[in-house]
Every structure is written in C-alpha cells, then in structure tokens.
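Each chain, letter by letter, is given below.
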Amino acid sequence: MTTDFWRIVFGRLDLGALDFLTAFRDPTLNEIILSGAAWAVILGGLAAVVALSRYRLWGPLWQNYLVSVDHKRIGIMYIVLAGIMLVRGVLEGVVMRGQQADGLGGGFLSANHYAQLFSTHGTIMIFFMAMPFLTGLINIVVPLQIGARDVSFPMLNSASLGLTVAGAALVMISLVVGQFSTGGWTAYPPYTDSLFQPGPGPDYWLWSVLLAGLGTTITGINFVVTILRERAPGMTLMKMPMFTWTALCTAILMVFALPPVTVSTAMLLLDRYAGFHFFTNALGGNMMNYANLFWLFGHPEVYILILPAFGVYSEIVATYSGKRLYGYGSLVVATMSIAVLSFTVWLHHFFTMGQDADMNAAFGIATMLIGVPTGVKVYDWMATMYRGRVRMTVPMVYLVSFMVLFVLGGLSGIILANPSIDFQVHNTLFLVAHFHNMLIPGLLFGMLAGYTYWFPKLFGFRLNDRWGYISAWSWVAGFVLVFFPMYVVGLMGMTRRTVAYTNPAYQPWMILSAVGGVVVTVALLSLFVQLYVSIRDREFTRDIGGDPWDARTLEWATPSPVPAYNFAVIPHVHAREAFAVAKEAGLGYQAPPAYADIHLPGDTWMGVILAVFGTAFGFGMIWYMWWLAALSFAVMAVAFIGRALRGDRAGVVIPAAQVAAEHRAWLAAVGRLAPVTREHEQDGINHGVAAPETREVAA
Amino acid sequence: MSAPQSSKLNAQGYRHDLRGYLTGFGLAVVLTVIPFAMVAMGDTLDRATVIGVVAVLGVVQLFVHLRYFLHVDFSPEEREKVYLLAFSALLLFLMAAGTIWVLVNMNTRMMGMG
Amino acid sequence: MSNARPEGSGQRTRRGLCSHRVGLLSVAVAVAVAVAGAGAAQAAGFLSPAGPVAVAQSVHFWQVTWISMIVVLPVLVGVPLLAWHYRYGNARARYAPNWDFSHALEWVMWLVPAAIVAVLGVLLWQGTHSLDPYRPIASDKAPLKVQVVGLNWKWLFIYPDYHIATVGEMAFPQDRPVQIELTTDTVMQSFLVPALAGQIYAMPGMVTKLNLAADRVGHFDGMNTQFSGDGFHDQHFTAVAMAKDDFDAWLKAVQAKGVALNPMAYARLATSSTPAEVRATFGNPAMPPSVTYFTDVPTDLFGGIVMRYHNGHPMTPADQPGTAAYNTKYSG
Amino acid sequence: MSGTSAIHAAPGLSYEAGHDHDHDAAGKALWGFWLFMMSDLILFGLFFATYATMLDPMSYAGGPTPRDLFELPGAAMETAVLLTSTLTFGLASLAVKYEQGRGRVLGWLGVTLALGLVFLGLEVREFAHMIAIGAVPQRSGFLSAFFGLVPLHGLHVTAGAIWLVILMVQIVGKGIDAGLTSRLARLALFWHFLDIIWIGIFSIVYLGGIV
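Residues numbered from 1 in each chain as written. Chains lettered and ligands numbered in written order. Predicted model: local features only at pLDDT ≥ 70, side-chain atom pairs only at ≥ 80, totals over all residues. Heavy atoms only, no water.

Residue-level contacts link five residues of chain B with 11 residues of chain C. Buried surface at the junction of chain B and chain C, summed over both partners, amounts to about 710 Å²; 58% is from carbon and sulfur atoms. At the boundary of chain B with chain C, the tally comes to one salt bridge. In this structure, arginine 109 of chain B engages aspartate 132 of chain C in a salt bridge whose closest nitrogen and oxygen atoms are separated by 3.4 Å. The interface formed by chain B and chain C holds three residue pairs in polar contact (both at pLDDT 80 or more) in total. Its residues assigned to classes, the side of chain B that touches chain C comprises two nonpolar, two polar and one charged. (Contact = heavy atoms within 4.5 Å. Buried area = accessible area lost by both parts, 1.4 Å probe. Salt bridge = Lys/Arg side-chain N within 4 Å of Asp/Glu carboxyl O. Polar contact = N/O pair within 3.5 Å; in protein donor to acceptor, adjacent residues only side chain to side chain. Nonpolar A, V, L, I, M, F, W, Y, C, P; charged D, E, K, R; others polar.)

This is the structure in structure tokens:
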C-alpha cells in the first residue's frame, strides 16, 4: 500500500539515482569526478541563492531580468546561460582530454562515465552553449541594428528563453539525479531504445532537446517577423547590416530546420514511452530514418550556428579596418545560398550506411558546393582588410585566427565530402577534429568577438584588452594543440568515443592534446578574469559617447548603455553603414526636431513559468512522476489560455519630456568629449566619441 | 480591413466574398468526390492511373484552398506570402522527397542476401 | 590599485606585440604538428594502405588535399600579410576607405572556387563509383565469402563455405578479393579495417556489403567505429592477410582446434563480452590470445540472425542480445 | 514607407518630426502565424514521408496492411465533415468582416465547432475500432507511422477546437474588438490549414491505401 503510494509520488526515482553520494562509498577518481560535478552544481546553485539573498538582489533580478521583455535583458540572460554551460562543456572536454592522454590500456574514467561525458559535452555545447550564445547576441544586436524599439513578439521572446532554460536545467539536473544518456549528442537508436537503455538517460536527452527546440522555433519566427517588419524607415533589405542579414537567414533556418528534430525526438519518445516502432530493431522499425531525420535538422543546424558568427565577422572586419565592407551584395548572396544549400547535404553525415554510389556522389558534390559561397565570404573579408587600416584589437585577433583556421577546417571538410575518403575517416577523431575546427573558430571565436565588440554598448564600459588578448590567443593556441593532433590520430584510424586504446602510437598525440586542454582552460579562466578586471576598472574605460570603435552601423548611434527604448527617436536610414556615412558628413549626432511618447511592452511572467514548469514537466516525464508532469503541463496551458483570455498586458509609456531630457543630456556630453583617434582606441581617453579619420590616403 | 464605405458597397463586397468561399467549397467538393469515386470503383480502373489522378487532384485542391480560403493570390500585398509559400514548398519537397528517396534506396540495398 | 594607470600612445603596439607573440607561437606549433602529423599518419591507417581499395582512397585523399590548396593557400598567406601591411599607422600602405567592390575580383572569388569544386566533383563522382563498397573487386580469383555479425563487443566472422567462424581474427589469402556481408545482432555498429578498405554500417535485420582485398601479407587492425556501449573500445580484431598455403593451413587449424557453434553456444556468445572474454569462455590453449575458433557453424546462421528481426514477433529484452535481461539469461 | 527625395538627400541617417511610426500589430501577428504554420507544415511533411517509407512489407511486419484497415465510407464521412467546417468558418469570418453582428458570428463559429467535434468523434471511433481488432501502434512500424500522423492532425483539430471555445467565450464577454478580429483571423488560417493537411491524409493514407 505505502510502496504503491511512494511509487506514484516518485515514479521510478529512488535514492540509488542520487549518485553524487557514491563517492563516499567508492572513492575512486572516476567517482570523485562524477560526484564532484554533482556537488559543484548543488553548491553552485546554493551559492547563487545565498549571494542573491545576502545582497538583496532577488527584487532587482526579478524586476529587471526575469520578467523583463526588453530584448537586451533577454539577450544578456541567454549569454549568461551560455557562459555557465560553456564552463561545464569546456571542463568536460578537458577531462576527456585527460582521460585519453592516460587512455593507453586504461585511464582513470569508467567507460560509462566517459560515454556520459561525450554525450553531455556535445548536447551542451550545441544546444545550451552555442544556441543560447548566438540567440542572445541576435537578441541584443538585431533590434538595435535595424532601428527598432523591441522584437515583434516580446512575450514569446521571454517564452523562448524559458523553454531553453528548462532544457538546460534538465541537463544540469542529470548530473545530480540519475544519469544522462550515453548515446552521444545524436542519440542514435536502437542504442537509445528502451530495449537497450531502459533508464532515464536518453529521456533526459530527449526532453532537453525537445524543450529547447521548441524555444528555438519560436525564436526563429520572432526574428523573421522582427527583421521583416520592424526596420526603421528607409532601411531596405539591401541596406541592412550584414549581421542582421545573417540573423535573418539563421532565423529562417530555425523555423524550417527545427521541425525534423522535433519529429525525430517525438518519434523516439513514442518508441520509448508507448512501445511504438519507428526506429526499433523488430516489427518494422527503421533506425535509418532516425539518422535521416536527425541530420535533416543537424546539417542546417550547423549553419544556424555559424551564420551569425559570419555576421559578427562582417561587422568587425569593416569597423576595425576603418573601411566599408567589401562585396556586400556578394556576402548577401553567399549567405542566402549557404542557407538554402544547407538543406541539400544531410546525407553526408551517413555516407557509410550502404546507399548507392549515385546518391552518395550527389550529396558529396552538393556538400562541396557549399564551399564556394563560404570561400567567397572569407575572400570578401580579406578584400575588406585590403587598403584598410587594420587595428589588431581583440575581436580582430579572433577574426584573423578564424580565417586561417577555418580554411583548414574547410579543407578537412572537402576531404570528408568525398564519400570514398569519408569511408575511412568517418567516426574517427579526424571527424571530431573537423567539426571542432569549424565550430570553435567558426562559432565560438565569432561569439567571443561579438561579446567583446558589443559589450560597451550594453554596459557602458569597454572590456580589458590585456586579458582579452591573453584569452583570445590562449583560445587559438589551445585549439590548435587540442585538435590538430586529433587529425593525425584520426588518419591513423583512432575512433571517436573510445575511452581507452591499445595502440601506443596514439599516446604522444593525446598527451599533446591534453596540454592543449590546459591552455583552453587558461583561456576560459582569462575570460572571467577579464570580466572581473573590466568591472573593477570600469571608470577608465567608460564609454559615454556610445561609439568606442569608430563603428559603422546604427546601433552605435545610441548612448552606452543603451536606454530601454533604444532610440530616442527612430532614425530614417538612407544608406548602408548609415552611421559611418553620417559621421563622415559630420552628422553623426543630430538633435531630432521633436520627441514623442514611447510605448514599451509590459512585463511578462511567461518566461519564468515556462522555465520552472517546463523543467518540472520534463523531470516528471523522465522519472515517470505522471502527476508532476500533468500538473506542470496544466499550469503552462492555463498560463497560455489565461493570457489569451485576458489579452496583452498594458505596456509602459515613457513621456516625450523624459526622452528629450535624456537624449539632450547625452548629446551635450558627446559635445564635451574630445574625439579620439584610433591610435588611442584602447586607452583611457577613449570615451566613445571617434575622431573622423576616413580620408583617402595614397601610399 | 477598413470599414466598408456604405451599406450598398458593403452588400456588394459581402456577396463577392461569399461567392469566393462558395466557389472554393464547390471546387473542393468536386475535387474530393472524383478521387473517392475512382477509388470506390475498385478494380475496374488501372491502379497507376487512379494513384496519378488522386495525386494531381490533391495538389489542385491544395491550390483551391490557398486561393479561396486562405486568400493567397499574386497581388503585390500578398507577394511576401507567396515567396514564403514557395520557399516552404521547396524545403518540404527537399525534405519529404529526400527522405523517401534516401530510405527507399537504403531499404532495397539492405535486403539483398546471398 | 593606484589611479595612475599607464595610458597614452604606444600602448597599442607594446601590448599588441607582446601577446601577438603567442599567436606566432601557436602558428609554429600548428606547423610543427602538421609536419610531424603528416609523417606519423603515413605510418599507419589508410595512408599506409595494404590493399587496392585503401590505396585508391589514400591517393584520392592526397589529390583532394593538394588541389584544394589552390583556394586554401591564398588565405593562409594572404591574411597575415594583409593584417601586417595594412596595419593602422603604416604610412606606406594605401588607404581607400570607400572602396568596396571590384567586378574583376568578384569573378575571381566566385569562379576559382567553383572551378576547383567542378574538378573535385569529377574526381568525387569517379571515386565514389569505383570505390562503392558493394562493388566486387575485379580479380581472376573467386572471392572469399565472409559473413560478419556485430555483437556486443566483438565481431563474429562466419566463413559460410567452410562452416567455421572466428572471433578476434579475420584471416584471408592475399591477392584474393574478400566479399563481406554484414549485420548485427544488437545495436548499430560500423566495420572498419583502415589499411584495407573504408567502413560500412552494420544494422540489425539488415544486410550491408563490403569488398576488400590485401596486396601483401600482414596483420591489420580492424574495429567497430560506431559507439555501442561500455565495451566499445575493446571491439577490435586483427585482419590477417596470408599467403594462399598459409590460409589453407589456417582453415585446417580452425577446423581442428575450434569449438562447435551450436544455438546454445551462439546464445552465450551473443551476451555482452569482449574478444578476450569470449576466448576465456570458449577458447582453449591451442587458439591464439584473444582469438576464438568455432566449427560446425550452421549454414543458415547469418540468415537466421537477420530474419529474427522480420518474423513479425516483438523482441523482448530477454531475446535481444545486447540488453541487460539477455545477459542475465544467457551468461550463466 | 513614403520616402521623399528631400529625405534621400540626407547622408546616412536623419530624424523626422513626430514619427514614431506605428507598426501594424495584427499584420505582424498574422505573419508570425504563417511562419508557425510553415514550420508545422514541415513537421507534417516528415510524418507523411515517414509514413510513405513504412508502406512496405518489412514495415507491416506481418501485421495488417492499409487494405485490411481502411474503408472508404469512414474516410469520406470525415472528409465531408471537415470540409464543411472550413466553409462554415469562412462564413464566420465574413460575418466578422461585414459586421453582421455577434449572434451570427457566434452561430457560424458554433456550427464550425460542432463539425470539428463530430470529426474528432468519427476519428476516435475509427481508432477505437482499429485498436479493438489489434491494429495498435505497437503492432508494426507501419501502424506506428499511421498513429503518429493521423492523430497528430487530430490533436491539431483538438487544439483548434479549444481555441475556438476560448474565442467564443471572449466574444460573449467582450464583443468583437480589433484584438479579437486579429485572433479570429489567425484561427481561421489554422483551421483552413488543417483542412489542407487533411487533403494529404485522405489522398495518401486512405485513398492511397485502399486503391
């Protein structure tokens, strides 16, 4: 009787699932790492709660962030999430490097623990680091670049964040309660079927990805409409900044590429929970369809990740070369072709499944075709530097390293696009090196460059350059050390996902790779030191004028930090790189003829509700606590229906007089500041007003 | 969605719009009844022909619905929507036809034994 | 912290130079790794091929690499040069802030990569067709048939014409094509012998094919590359290419030393175990380490394993090799 | 965007007096909804494609085939009901557009809701019959694909019906204002869209299965 009761309350959850306790019984290094991670999550969470209470920050956090619909605040929350997950993902990567350095015939991790590590590492880095980072950056930058007050659907923006947080929360909870999937970030059945993995691991993966995927779909819809409908008057599509173009293409990809993964996860869930036979071994299931559906999503996903970084690079290369972006039209066409072509190559992720040569060749050639527009982009950035005045600032370090490393990744990509060669290096560390080579320089460097570039716009001071350089070069050096050896052992035939190996020839390379892991850790730490030092020294790097880099697009025509309403008066746009053109004409800082009241959308609880009850819903489903799942689902449904019945909440009105006062005060401050040449860009006298320096100079 | 100018125009507009819906409905009924009837006739018709007709009429009916119920046309205001539909149709084709192509190919190549 | 922080001109260059040295260092490391790596990779894997398929693959690999250099090298060389020559403050560099388009450059940027892709596309098309794993290898000798079954965590090699099977070792005569059919009796796996040919997936209820051959005698590492659980890293075997006479002797040795692979033995073999554990369970001192020989293999063993997934009955955990329930039931 | 030549003469950017231009909220919402439907269309497309690849003996796994399961009268009935409901929703939209009064709008919406519920009833009856004769989704890959696709459409219709009820409650309570007109326009889109999906279902699943 009582056991039945507890079974209903706790589902299949029992004390055995709390494996952070096992280290006390079985203190091996493997268990200590496993439990240590769980304790880090528990204690980290507690520390955050204590700190927030101690400094009485719950109120401001709630008011200014959690219920806010301000796109900048939502963007910051996305990036904070990405930062937390980046720490976990990098540390997991470093532990894996350590294991393989020691993996000749053994090592210190159990096979199961290692499998969990590569599964969570991939899932986290793709879905909960990269996606939130780029979504956050798009959130922050796009409305500013197009001269909008906010996104088209502010409430849905908050809802997207809530769903993403719920997915991330489930992955974090899996460290403490039960275990994560061991099926990799792709979760191929039948390995992940209930037959082989009856435990909660694959369910953690499925619900995290499903929730985050729904959030991403909504984000995509939101930004397509925002970019197509909220642009300032005069900003035609062909006057949009490149970052906005890439954001548009990424948003379109989000709308169309997420459904396949929603379908594949939904089908796998039906297989696991209801005994369906979509992908099972027997009774007519077809696991090949899972690979097909997953990569129908997975390949466009790569471009969802990489296009915004391309956008960042396009912005910074023009700004730090003091020059117009070369080949705007070319870049737009290249971006769009990449977006469409990305839907035609998914089969190259499973060339080795047994389909015929015609099909493999067709998809192989389609894959190589993507190299053409991608190459054009790199050449366009080089042409932008040509006859420019290049300042090797921190974002430029990322850009230059990216260009060099990315073409090497592209080379390995062309190699992999050949089915006959892919047969040899598929599933080896060569492949692992390849996609890290695309994603670390191609995504992470771009995001970090964007973070450095736009940081002053949000917070009103620049990031410390010294620690920025240390971090950037450590990322570059660490990346090279970690992943170049993987190309080598991959060609030698070392498979991915192997906890140990017997071939002694692999070990020196794996040790080199582990050294790289240490350098990457330094890079990660330097980012946090940089943040600390920058906050400490913020008075020296104060950005008052709002234009610390002599930049070119609309977002730099605003004060730093940007007010909640973004623009005092929405500008009319008459040119590409409108702010640069206006500055050249001496019209960078104009007083508008009149000010008007500004309407801003009201707060919403939707994000918080979805984050909390989405997590609870997923947790209930994973542990078969049906009551919890049903209750949480009901709460979310009621929240949506309630909002539909009640209509939109009243927004906030900022009176014209207040806007005028703030804007005039800023214009006056800009007038008082001494314009700074690029010579002193990184010095204490740069307070965000740039001296005009764009006269043509012959050699 | 501006309010109609006068009740006379209003009545005219209403009749025009109503005719649109009824035309769409009529066409949809015809386009539904024909394939059902052909299938109902059973073995008297060639199977491939019936499948072809069902497919073609299904696509025609899709356009009827888009035109008369979803009011999609080629006017300038609707151009964006047409682009969206065309793009979606392209991706739908790539994914759905691609899935069938890939899996049929693989299924046949996984069968061969001996 | 003092308020007097070092500010002023000259900062950029000092700071820049100091930390950019790290960048140069990482470039040096990269080059060193690339050179050493190219050497090391040549010594193992498919870049030191031992059969016609792998030879063609390694040739193709280098062709693609060198042809791609036409588009890669300009970036590797050009980016550092541009960043250096057009650095801020270089009085000798021209500055054209409003130059943003050139028709000639545009043609080069699009057409050169497109032409390279066209050339590579032709190579790709030919390579993909000639190296289709299903395509038999041309030879005047009749191919040796081997049926491969993936199990947790070993490959079972069935020689249907000889009614023998092995675990941990796949032997075959050199210069004679080997025609392989693959399936698994657990989760999805992928079969690879880098020195001989590329990999192909093996899936339950399905049959895939792979053709390979060896030009020389030797021992080559073979493996599963698709993660399949805790013992995945032990799922290796040795592919042994032998002279014809040696192979005949090997066949006799297996017949003589092997144990019978009856249904009971197969059920036990299919439980989760590594090649070494299989040897410990079934083997005898006459067999090489980590290698097990089986005889009296039923003719329809392979077909039966495949068809078990098509008999219209649900697969219970206790009947499905690779599950915990199956291991409990059959490993006693 | 009414740009005049005077504005274009200004370099880069300029500010006009009192022009915080008001964007069309209903239009944006409708656009967003179109995007959502296209995303949903891909979702359905992949369920359709999966279903199509499951139409072979391997996926029947010795269980019932489409010919054993589907019959024309049931499918015809469901089609007739759903098709009629799309017309009645159109009439409701017209009643809103031409301001024919709350009663008429509610009337047509009520008829649409009733038809939607009849459709769901017919579908549930069909599924119950299939389950009763052992054609459960756990029987074969083909049946899994069927029960993935057709009930997914049914779930959409259910969601549409719930939404319809909510809007009817709002009409009764608050009357028909701009916000409600916009929401009705989106629901109309959704309802017509579901009918288009149904064309695919009756053509591919039922007619394709029986022929």
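Further remarks concern the side chain of aspartate 40 of chain D. All names here are of chain D. With respect to the helices and strands, the residue aspartate 40 is situated in helix H2 (residues 25-53). Although aspartate 40 is buried, it makes no salt bridge; arginine 186 carries the closest opposite charge, 15 Å away. Beyond its immediate chain neighbours, meaning those up to four positions away, aspartate 40 contacts His156 and Phe193. (Helix = DSSP H or I, 4+ residues; strand = E, 2+ residues; numbered from the N terminus. Buried < 20%, exposed > 50% of the residue type's maximum accessible area, 1.4 Å probe, protein only. Lys, Arg positive; Asp, Glu negative; His and termini not counted.)

All names here are of chain C. Read across the open sheet, the five strands follow the order E4-E10-E9-E6-E7; overall the sheet is mixed. Where the open sheet ends on each side, the last strands, each with one partner, are strand E4 (169-173) and strand E7 (197-202). Direction aside, neighbouring strands of the sheet carry axes that sit 20° apart on average. In the sheet, strand E6 (residues 189-193) pairs with E7 via four bridges, with the strands oriented antiparallel. For serine 190, the partnering residue across the bridge sits in E7 and is tyrosine 201. Against the sheet, helix H4 (residues 244-257) contacts E4 and strand E10 (236-242), and its axis sits at roughly 135° relative to E4. (Pairing = 2+ DSSP bridges. Axes fitted to C-alpha atoms, helices over the stretch in contact; angles between N-to-C directions.)

This brings us to helix H15 (residues 429-459) of chain A. Residue and element names in this part refer to chain A. A maximum bend of about 40° is found in H15 at tyrosine 453, where proline proline 456 lies one to four positions downstream. With 29 of its 31 residues buried, H15 lies for the most part within the structure. Positioned one or two residues after H15, glycine 460 has a phi angle of 85°, which is positive. (Bend = angle between axes of the 7 residues up to and from the residue.)

Here we come to the pattern of salt bridges. Residue and element names in this part refer to chain C. Scanning the entire structure with this criterion turns up 20 salt bridges over all chains. One salt bridge connects aspartate 185 with arginine 308, and the closest N-O pair in it is separated by 3.1 Å. Within this pair, whereas aspartate 185 is found in the loop between strand E5 (178-184) and E6, its partner arginine 308 is found in the loop between helix H7 (301-307) and helix H8 (324-330), the two being separated by 123 residues in sequence. On the basis of relative accessibility, which here comes to 29%, the residue arginine 308 falls in the partly exposed class.

Moving on to the nonpolar core. Of all hydrophobic cores here, the largest spans 395 residues; its most connected members are Trp475 of chain A together with Phe191 of chain C. Filtering out sequence-adjacent residues up to four positions away, tryptophan 475 of chain A remains in contact with Val90, Tyr398, Leu444, Phe445, Leu448, Val520, Ala523, Leu524 and Leu527 of chain A. Counting 22 residues, the second largest nonpolar core, distinct from the first, contains Val149, Ala270, Ile305 and Tyr326 of chain C. (Core = buried A, V, L, I, M, F, W, Y, C linked by side-chain atoms within 4.5 Å.)

What follows covers the interface of chain C and chain A. Contacts between the two partners involve 113 residues from chain C, matched on the other side by 119 residues from chain A. Counting each side, the surface lost to burial between chain C and chain A is near 10200 Å², with a carbon and sulfur contribution of 68%. Between the two partners, chain C and chain A, sit one salt bridge. For arginine 324 of chain A, the salt bridge goes to aspartate 100 of chain C, with nearest N and O atoms at 3.6 Å. Summed over the shared surface of chain C and chain A, the number is 28 residue pairs in polar contact (both at pLDDT 80 or more). Elements represented by at least two residues in the side of chain C that touches chain A include exactly helix H1 (11-42), helix H2 (52-85), helix H3 (103-130), E6, E7 and strand E9 (218-224) of chain C. The element that contributes the greatest number of residues to the side of chain C that touches chain A is H2 of chain C, accounting for 17 residues.

What follows is about unusual backbone geometry. Going from proline 189 of chain A to proline 190 of chain A, the amide bond is cis rather than trans, its omega being 0°. Mapped onto the elements, proline 190 of chain A comes out in the loop between helix H7 (154-176) and helix H8 (201-229). Of note, the amide linkage connecting asparagine 152 of chain C to tryptophan 153 of chain C takes the cis form, showing an omega dihedral of -10°. Looking at the secondary structure, you find tryptophan 153 of chain C in the loop between strand E1 (144-151) and strand E2 (154-159). Phi angles above zero are rare outside glycine, and arginine 497 of chain A is one such case at about 60°. Tracing the backbone through its elements, the reader meets arginine 497 of chain A in the loop between helix H16 (465-491) and helix H17 (507-536). Residue classification places arginine 497 of chain A among the buried positions, given a relative accessible area of 14%. The backbone of histidine 71 of chain B sits at a positive phi, close to 55°, despite the residue not being glycine. Looking at the element boundaries, histidine 71 of chain B is found in the loop between helix H2 (47-68) and helix H3 (79-111).

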